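# Examination of the molecular architecture
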Amino acid sequence: QPQLVESGGGLVQAGDSLRLSCTASGRTFERDAMGWFRQAPGMEREFVASISRSGIETGLGNSAKGRFTISRDNVKKTVYLQMNSLKLEDTGVYFCCARETTSTLLTYSAERSYEQWGQGTQVTVSS
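Residues numbered from 1 in each chain as written. Predicted model: local features only at pLDDT ≥ 70, side-chain atom pairs only at ≥ 80, totals over all residues. Heavy atoms only, no water.

### With respect to the sheet that holds strand β7 (residues 68-73)
Within a sheet, adjacent strands bond to each other through the backbone by hydrogen bonds, running parallel or antiparallel. Rule in force here: DSSP calls a pair of strands paired once it identifies at least 2 bridges connecting them. Secondary structure elements are defined from DSSP: runs of H or I of at least 4 residues count as helices, runs of E of at least 2 residues count as strands, and each element is numbered from the N terminus. Each axis is a line fitted through C-alpha atoms, taken for helices only over the stretch in contact, and angles between the N-to-C directions span 0 to 180 degrees.
If you walk across this open sheet you meet the four strands as β1-β3-β8-β7, and the pairing is antiparallel. Two strands close off the open sheet at either side, each with one partner strand: β1 (3-7) and β7. Sheet twist, expressed as the mean angle between neighbouring strand axes with direction ignored, is 15°. Across six bridges, β7 lies against strand β8 (residues 78-83) in antiparallel orientation. Bridge pairing links Thr-69 to Gln-82 in β8.

### Quick notes on the state of the cysteines
Using the following cut-off: Throughout, a disulfide means two cysteine sulfur atoms within 2.5 Å of one another. The classification of residues rests on relative accessible area computed with a 1.4 Å probe and restricted to protein chains. Under 20% of the type maximum is buried, over 50% is exposed, and intermediate values are partly exposed.
According to the stated counting rule, one finds one disulfide in the structure shown. Bridging Cys-22 to Cys-96, the disulfide has an S-S length of 1.8 Å. Given an S-S torsion of about 45°, the disulfide between Cys-22 and Cys-96 has right-handed geometry. With Cys-22 in strand β3 (residues 18-25) and Cys-96 in strand β9 (residues 92-100), this residue pair connects regions lying 74 residues apart in the sequence. Its sulfur unpaired, Cys-97 is 6.9 Å from the next cysteine sulfur, which belongs to Cys-96. Since its relative accessible area comes to 0%, Cys-97 is described here as buried.

### Comments concerning the environment of Leu-105
Put simply, the rule is: In this analysis, two residues are considered to be in contact whenever any of their non-hydrogen atoms come within 4.5 Å of each other.
Tracing the chain through its elements places Leu-105 in the loop between β9 and β10 (116-117). In sequence terms Leu-105 and Glu-6 are 99 residues apart; their C-alpha atoms lie 24 Å from each other. Leave out the neighbours within four places in its chain, and Leu-105 touches Ser-52 and Glu-57.

Function cannot be inferred from these measures alone, as they are strictly geometric.
This is the structure we're talking about:
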């Protein structure tokens, strides 16, 4: 079965940094645009970041701009989310997702654009 497995979540203090990883298996990773979403308790799932097949084009949700960076390593079949200056409101379950696409340059910010999702990793930011 194709899989996406997130790792790197944990408990951190406000102002700290954290790097999440998502490793794909059973997929042709080079053909996939990738994304990160998060869901806080009692909230809807929120777009965080996206990256094209090439890794050159990226997109960030409003809450992530200026603080988060998305990147990928096609050899390791892994997408990363570097989170800096973490805030209490960054707390939630973070999900990575994949969309197979013929486009090398498009990024996607809508949940409905993605075909596969990981199980999620918990990020908790304390004061």
